[in-house]
Amino acid sequence: MRTARDYTRSALKGATRPLGWVDRERKGELDFWLDHALPPSSIYQITFRAADGCNLRCKTCHFSMDYRKGQKTLLMDPELVREVVDQSRGWVSLMGFSASGEPLINPQIDKMIGYVSAAGIKSKIGTNAMLLTPDLSRRLLEAGLSILKVSIDGATAETFETVRVGASFEKLCDNLEAFWRLRNETGAKTKIVVNTVITKDNEHEIEDIKKNFGHIADKFAAKYPSTFGIMSSLCDYSPSAMTQKRCNQLVKRMTIITDGRATICCGDNQNVGVVGNVRETSALEVWRSALYNEWRGYHRSGQTEKIPLCKDCVFG
């Protein structure tokens, strides 16, 4: 569902499209300004933290840090997902399940995917695939999962298991291959995306990852690790190659954690960027709130130091 502001925003972006043919950087800056000056009434993506916990201790993730030791794994209640789906139907394009945790830990993940699919909304899971058993694969496909995004940070067992501590490269390959075969056998429309976090441990294997999993993946994505706040000390990456793309999370995505609080970023692992609670007000009311718009204004104008979560982020 679109409002007059959404139509105005789209018209302005369309009218300035020719600028991209001669100066892509200027066009990117203009689109960034339009996204924030006229934030969409609808939400492109709501991401649910289905599980605040993980079965691995990857070098690029906060779950490998001391402060996480001994913390109880928290699971999202499927009823909260159902409430948000009912509130947001017609106003959101995609609902994802990941956001700083392994969603397959939640035994009711297929039920939550089913709620989203039944509402006509696309669904996505981001996973390390260690728990992607044949039974769970079938249940996810039957629930109508739109996108399976699998983290693969190495083309060899040695590299992969160095980055993804506690994982098995053999199990990854077996589970992903089985999911792919089952998808093809059942005729499901689920897309498989292979995602790689680039560090100095694996940057020499990026092309080999694409080659090794090219028969399975419908799409590949490679990105550098999050570096704001406590994340900056986690891993060794190549700073000279860091992307110059500016963050659009404030205008594209809202993340909901297990207790219903909503934050501005899927990587907000310490819940610093909380802007509301969907158990108290609807997801749309949070999205259009005064605080959300205030932070969008700061971000648009380069005053990221006024946003607690964004002030140290390299993607600011």
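Residues numbered from 1 in each chain as written. Predicted model: local features only at pLDDT ≥ 70, side-chain atom pairs only at ≥ 80, totals over all residues. Heavy atoms only, no water.

Caption draft 1: Representation of the overall build of the protein within the structure. A tally of regular secondary structure across the protein gives 12 helices and 11 strands. Burial analysis of the protein (316 residues in total) assigns 50% to the buried set. Only carbon and sulfur atoms are counted for the fraction: they give 50% of the accessible area of the protein, which is about 14,600 Å². (Helix = DSSP H or I, 4+ residues; strand = E, 2+ residues; numbered from the N terminus. Buried < 20%, exposed > 50% of the residue type's maximum accessible area, 1.4 Å probe, protein only. Areas by Shrake-Rupley, 256 points an atom, 1.4 Å probe, with all protein chains shown as cover.)

Caption draft 2: Focus on the environment of Y298. Relative to the elements of secondary structure, Y298 occurs in helix α12 (residues 290-300). Sequence-wise, Y298 and H36 are 262 residues apart; in three dimensions their C-alpha atoms are separated by 9.4 Å.

Caption draft 3: How the structure looks around the nonpolar core. Ranked by size, the top nonpolar core spans 67 residues in total, and within it I46, F97 and I264 carry the most contacts. Examining the composition of this core, we find that six residues originate from one element, helix α8 (residues 169-186), more than from any other. Ignoring any residue separated from it by four or fewer positions in sequence, one finds I46 in contact with V84, S88, V92, L94, M95, G96, M254, I256 and A283. (Core = buried A, V, L, I, M, F, W, Y, C linked by side-chain atoms within 4.5 Å. Contact = heavy atoms within 4.5 Å.)

Caption draft 4: A look at empty space enclosed by the protein. In total, this model carries one cavity of 30 Å³ or more according to the counting rule given. Empty space within the largest cavity amounts to approximately 50 Å³. Lining the largest cavity we find V194, T196, I206, I209, K210, F220, A221 and A222. For the lining of the largest cavity, the elements supplying multiple residues, two or more each, are β7 (191-197), α9 (206-212) and β8 (219-223). Tallied by class, residues from the lining of the largest cavity come to six nonpolar, one polar and one charged. (1 Å grid on protein atoms, 1.4 Å probe; cavity = no way out; pocket = protein on both sides within 12 Å on 5 of 7 lines; lining within 4 Å. Points joined across faces, edges and corners; volume = space filled by probe spheres on them. Nonpolar A, V, L, I, M, F, W, Y, C, P; charged D, E, K, R; others polar.)

Caption draft 5: Focus on the pattern of salt bridges. Enumeration according to the criterion identifies 11 salt bridges in this entry. With its nearest N and O atoms 3.4 Å apart, the salt bridge here joins R82 to E79. Highlighted residues: R82 and E79, both in helix α4 (residues 78-88), separated by three residues, approximately one helical turn. Between R89 and D86 there is a salt bridge, and its shortest N-O distance comes to 3.2 Å. Residue class for D86 comes out partly exposed when judged on its relative accessible area of 45%. (Salt bridge = Lys/Arg side-chain N within 4 Å of Asp/Glu carboxyl O.)

Caption draft 6: Geometry of helix α3 (residues 24-37). Taking 1.5 Å per residue as the helical rise, α3 with its 14 residues ought to reach 20 Å, and the 20 Å between its terminal C-alpha atoms agrees with that figure. Lining the buried residues of α3 we find α1 (4-15), α2 (19-22), α10 (249-252) and α12. The N-cap residue of α3 is D23: its side-chain oxygen and the backbone nitrogen of R26 are 3.0 Å apart. (Expected span 1.5 Å × (residues − 1). Polar contact = N/O pair within 3.5 Å; in protein donor to acceptor, adjacent residues only side chain to side chain.)

Caption draft 7: Quick look at the packing of aromatic side chains. Inspection of every chain in the model, using the stated rule, returns four aromatic pairs. With a centroid separation of 5.2 Å and 25° between ring planes, the pair formed by F48 and F97 is classed as stacked. Placement of the pair is F48 in strand β1 (residues 43-48) and F97 in strand β4 (residues 92-97), with a sequence separation of 49 residues. This pair shows no difference in class: F48 is buried, exactly as F97 is. Put simply, the rings of F160, F169 and F213 touch in pairs and so form one group of aromatic residues. Above the face of the W91 ring, R288 is positioned so that its terminal group lies 4.6 Å from the ring centre. The positively charged end of R296 is found above the aromatic ring belonging to W287, 4.4 Å away from the centroid. (Phe/Tyr/Trp six-rings, centres within 6.5 Å; stacked < 30°, edge-to-face > 60°. Lys NZ or Arg CZ within 6 Å of the ring centre and 35° of its normal.)

Caption draft 8: Region of the structure containing the pairing of β7. The buried fraction of β7 is high, at six of seven residues. By the bridge criterion, five bridges tie strand β6 (residues 147-151) to β7 in an arrangement that is parallel. Across the sheet, residue V150 finds its bridge partner in β7, namely V194. Note that β7 and β8 share five bridges and pair parallel. Bridge pairing in β8 places V197 opposite K223. In the classification by handedness, the crossover that spans β7, the intervening α9 and the parallel β8 is right-handed. (Pairing = 2+ DSSP bridges. Right-handed = clockwise from strand over helix to strand, strands pointing away.)

What is shown is where atoms sit, not what they do.
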